[in-house]
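# Report on the structure
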Amino acid sequence: MSIAEHPALHRLFTQARATNGGPRPLAVFDCDGTVIKGDIGEAVYFRQIEDFFFRVSPAEVWLDHPQRETLDRLYRTLEGTDPAARHRHPAFKDFAEHMLAWYYDQLAANEVHKGCADVVRTFAGFTLDEVREFSRTTLARELKVPLGEKPLGRRMVHSGVRFLSEAKDLILALQKNNFDIWAVSGSCKWTVEPVFTPFGIPREQIIGITVADHNGTLSSEPVHPIPIRAEKIEALQALEPRIPLFAASDSRNDIPLLLYATTTRVWINSRSRSAHDFFTAVGAPPDDRWIIVDEPTVLHTN
């Protein structure tokens, strides 16, 4: 049975049709692990390190980095190196390690809001158009490379993203039934935008982490709320007064957003995690409002 024929969706669409004449019903999607397998926010960050895509030293952005002087010295060394020779320079692996460790160590310490925001802050000095183009070309590349891992500095990091069939079918079914669709992601808004472009979802309905724009140049100042965990609801409410009837996510971090949806909640288990652990975190077993996609299907073409 196609997910679009799931009984919970039938009830959802029946309810939405019963309110004909009122505001269009609202559906909300997470991005990474939900609409795509993989993490486009991380993919863009990894490419940023690989391509040395910086206008400002990360040491000038991360004032609380414990090894700022070392990080800045490595950055200045690579900044003055022929771009074709940067990956072979002895400083590159040390620079990559500092960049990756700062991100991963904060996630491990449960500083998820700050770790994810710090990644976006490294776009300081670029224009919004430059970041959007970098994100668009990164997604195009990641859709072609194999799903797996690749070396970056001294680590192996995730490689490749793919759209998920069930998410695509859900979006198309919701659109067919007159739903407005918003994306609310804990990745950078501008890296998430091209993921939703094929579905015709406008930029104005995509929420993610951003930094302040000062006269056409991006700063290192994160814009609050940072849309992670319960703050996803706060970020959505700041722009959209409607309460969603539908929400989809792969992550325990999004349980508040899933429970905010009044009628249908979709858990897409793209990371092969325990359903028992997930619903223990929810605080109740799944009822008929839940759709569980335990083994989502990877699409190898768009």
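Just above, that's the structure.
Scope of this entry: the structure provided in the associated data block.

Rules of the game
Residues numbered from 1 in each chain as written. Predicted model: local features only at pLDDT ≥ 70, side-chain atom pairs only at ≥ 80, totals over all residues. Heavy atoms only, no water. Helix = DSSP H or I, 4+ residues; strand = E, 2+ residues; numbered from the N terminus. Rg over C-alpha atoms; globule rule 2.2 N^0.38 Å. Contact = heavy atoms within 4.5 Å. Areas by Shrake-Rupley, 256 points an atom, 1.4 Å probe, with all protein chains shown as cover. Lys, Arg positive; Asp, Glu negative; His and termini not counted. Charge placed at Lys NZ, Arg CZ, Asp CG, Glu CD. 1 Å grid on protein atoms, 1.4 Å probe; cavity = no way out; pocket = protein on both sides within 12 Å on 5 of 7 lines; lining within 4 Å. Points joined across faces, edges and corners; volume = space filled by probe spheres on them. Nonpolar A, V, L, I, M, F, W, Y, C, P; charged D, E, K, R; others polar. Pairing = 2+ DSSP bridges. Axes fitted to C-alpha atoms, helices over the stretch in contact; angles between N-to-C directions. Parallel < 35°, antiparallel > 145°, perpendicular 65-115°, else oblique. Left-handed = near helix turned anticlockwise from the far one by under 90°.

Along the protein, the regular secondary structure elements total 12 helices and 12 strands. In terms of overall size, the protein behaves like a compact globule, its C-alpha atoms giving a radius of gyration of 20 Å where 302 residues would be expected to give roughly 19 Å. Seen along its three principal axes, the alpha-carbon backbone of the protein occupies a region of about 65 × 40 × 35 Å. Contacts in the protein between residues far apart in sequence, at least 24 positions, make up 65% of those at least 6 positions apart. When the accessible surface of the protein is totalled, it reaches about 13700 Å², and 52% of it is carbon and sulfur. Here the protein holds 34 positive side-chain charges and 40 negative ones, and the gap between their average locations is 3 Å.

This model, assessed by the stated rule, comprises one cavity of 30 Å³ or more. Of the voids in this model, the largest cavity is the one considered here, and its volume is about 60 Å³. Gly38, Asp39, Glu42, Ala43, Phe46, Glu142, His158, Ser159, Gly160 and Val161 are the residues that line the largest cavity. Elements supplying a minimum of two residues to the lining of the largest cavity: helix H2 (40-51) and strand S4 (155-159). Counting residues per element, the lining of the largest cavity draws most heavily on H2, at three residues. Counted by class, the lining of the largest cavity contains three nonpolar, four polar and three charged residues.

All right, on to the sheet that holds strand S6 (residues 180-188) then. Pairing is parallel in the open sheet, where six strands are placed in the order S7-S6-S1-S10-S11-S12. Sheet topology places strand S7 (206-209) and strand S12 (290-293) at the edges, where each strand pairs with a single neighbour. Put simply, the sheet's adjacent strands are angled 15 degrees from each other on average, direction ignored. Of the strands in this sheet, strand S1 (26-29), S6 and S7 are in contact with helix H10 (residues 231-239), which crosses S6 at around 135 degrees.

Moving on: the packing of H2 against helix H5 (residues 90-108). Where H2 contacts H5, the axes come no closer than 10 Å and their chain directions differ by 155 degrees. One finds that H2 runs roughly antiparallel with respect to H5. Like other packed secondary-structure pairs, H2 and H5 cross with a definite hand, here right-handed. On H5, the residues touching Glu42, Tyr45, Phe46, Ile49 and Glu50 of H2 are Phe92, Ala96, Met99, Leu100, Tyr103 and Tyr104. Here the contact of H2 with H5 is composed, by residue class, of nine nonpolar, no polar and two charged.

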